[in-house]
Structure formats: C-alpha cells, structure tokens
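Residue-level structural notes
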Amino acid sequence: MSTVSLSLGSNCRPQFYINNALTALAEHFGELQISSVFESEAIGFDGDNFLNLVVVIDTQLSLAQLAQQLKAIEDDNDRDRSGPKFSGRTLDIDILTYDDLHGEFSGIRLPRNEVLSNAFVLWPLAQLLPGKTHPEAGKTYAQLWQEYDKSRQRLWVIDFEWNGRKVSSSTDASAQD
C-alpha cells in the first residue's frame, strides 16, 4: 500500500467540481485525509479565483495506474485539455508525492515541483503531513511552510462542506505564519 498526496484545484464551478472529485476519490480509494480548502488568485493568467486543497490517499495502484485513474476522474468532470496550460479548469488533480519517491517515474516528476513553489500546495500539505520530510529539500513540510515567503501568493481558507461534513472553516483557520 502506497501513501499518495494529491493536489485538487478548480476555478470553473469549483464547489461543484471539488465535491465531485472528493466523492470519486472516496469511491476509488476509501478514506480521505483532506486539508482545508483554500481560495487563491489565478497564477499565470487572468481568470477566476481557484479553490485548492490537498488530499492524502492510500492505494495499491502503481504510479502509472493511479495517474490514469486520476485523468479519468478529471475527464468525468468535464476537463478540457485543448486549452493553454495556464487557463481555467473544471478540475485538476496532480500527484504531489507517492511514498518517498523522488525523480521521474512514468513521466511524472516526484515530488511535484509545485510543492516548493506554490503556497496553495505547500500550506495544505503542511497541514496534513507536517512532520513528513520532503525527500529532496530535506526539511519537513511544516518547516518548508514556515520558511515560505507568504507575500508571494495570496490565499485564504474558506468555508467548505462535503457530504455534510465541514472540511474547512474560515473562522477557525490557523494564521499563515
């Protein structure tokens, strides 16, 4: 069994598509560890704000099989792959980490570069796996988040419910630092 962290993002009907993604992930992988849900401004293009979160799952699928399964979930949620790389998305699911693998596997770079560069990935990852060490940086996700220049990207915790469960609340969100 492998432990995998996934980044989920959407800026087209994001509440709807994030809910769909969580339901599909739970159906395929069972219990989910879910970070707070964050809203952030689009990066790399002018567009609607994104909702982002990190989910940790356990799976017996190989990395290639997992990537294929996640692509199918995106496709089932109206993902249009014909646009530019930096554009609006109904649903984007990226594999951030797969156990402690580091390097390129099945065409996937692990851990994903965005872990160290994007607050909307690092902050939720630090929530879920604070004591886990980034295999290349040699620091825990909590340390990396503590050291992150929080002025680089604006994001904030929002109220979010999934299947009647409060996933996150803006009122009990911990401070960025």
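The notes below deal with the structure included here. (Residues numbered from 1 in each chain as written. Predicted model: local features only at pLDDT ≥ 70, side-chain atom pairs only at ≥ 80, totals over all residues. Heavy atoms only, no water.)

In the contact formed by helix H1 (residues 14-29) and helix H2 (residues 63-76), the axes pass within 10 Å of each other and the chain directions differ by 145°. Of the two elements, H1 crosses H2, and the hand of that crossing is right-handed. Between H1 and H2, the contacting residues are Ala24, Leu25, His28 and Phe29 on the first element and Leu66, Gln69, Leu70 and Ile73 on the second. Class assignment of the residues belonging to the contact of H1 with H2 gives a composition of six nonpolar, two polar and no charged. (Axes fitted to C-alpha atoms, helices over the stretch in contact; angles between N-to-C directions. Helix = DSSP H or I, 4+ residues; strand = E, 2+ residues; numbered from the N terminus. Left-handed = near helix turned anticlockwise from the far one by under 90°. Contact = heavy atoms within 4.5 Å. Nonpolar A, V, L, I, M, F, W, Y, C, P; charged D, E, K, R; others polar.)

This part covers the environment of Ser7. The residue Ser7 is located in strand E1 (residues 2-10) in this model. Residue class for Ser7 comes out buried when judged on its relative accessible area of 6%. C-alpha separation for the pair Ser7 and Val115, spaced 108 residues apart in sequence, amounts to 9.4 Å. Sequence-distant contacts of Ser7, defined by excluding residues within four places in its chain, comprise Leu53, Asp92, Ile93, Asp94, Leu96 and Val121. (Buried < 20%, exposed > 50% of the residue type's maximum accessible area, 1.4 Å probe, protein only.)

Another point: H1. Compared with an ideal rise of 1.5 Å per residue, which puts 16 residues at 22 Å, H1 spans 22 Å between its outermost C-alpha atoms and is within 8% of the ideal. Looking only at H1, the buried set comprises Pro14, Tyr17, Ile18, Ala21, Leu22, Ala24, Leu25 and Phe29. Seen along its axis, H1 keeps its buried residues to an arc of 165°; they face one direction. Its buried side turned inward, H1 meets E1, strand E2 (33-34), strand E4 (50-59), H2 and strand E9 (160-162). Two residues or fewer past H1, Gly30 is found with a positive phi of approximately 80°. (Expected span 1.5 Å × (residues − 1). Arc of directions from axis to C-beta.)

The subject of this paragraph is the packing of aromatic side chains. For any pair of aromatic rings, the description consists of the separation of the ring centres together with the inter-plane angle of the planes. Counted by the stated rule, this structure contains four aromatic pairs. With centroids separated by 4.9 Å and ring planes inclined at 80°, the aromatic side chains of Phe16 and Tyr17 adopt a geometry described as edge-to-face. A relative accessible area of 39% places Phe16 in the partly exposed class. The class of Tyr17 is buried, set by a relative accessible area of 5%. Between Trp123 and Trp145, the ring centres sit 5.2 Å apart and the planes meet at 10°, which makes this aromatic pair stacked. Here the residue Trp123 occupies a position in helix H4 (residues 119-128), and Trp145 occupies one in helix H5 (residues 141-147), the gap between them amounting to 22 residues. Grouping residues by exposure puts Trp123 and Trp145 together as buried. An aromatic cluster of three or more residues is present, and its members are Phe38, Trp123, Trp145 and Tyr148. Lying over the aromatic face of Phe16, Arg13 brings its terminal NZ or CZ to 4.1 Å of the ring centre. (Phe/Tyr/Trp six-rings, centres within 6.5 Å; stacked < 30°, edge-to-face > 60°. Lys NZ or Arg CZ within 6 Å of the ring centre and 35° of its normal.)

That is the geometry; function is a separate question.
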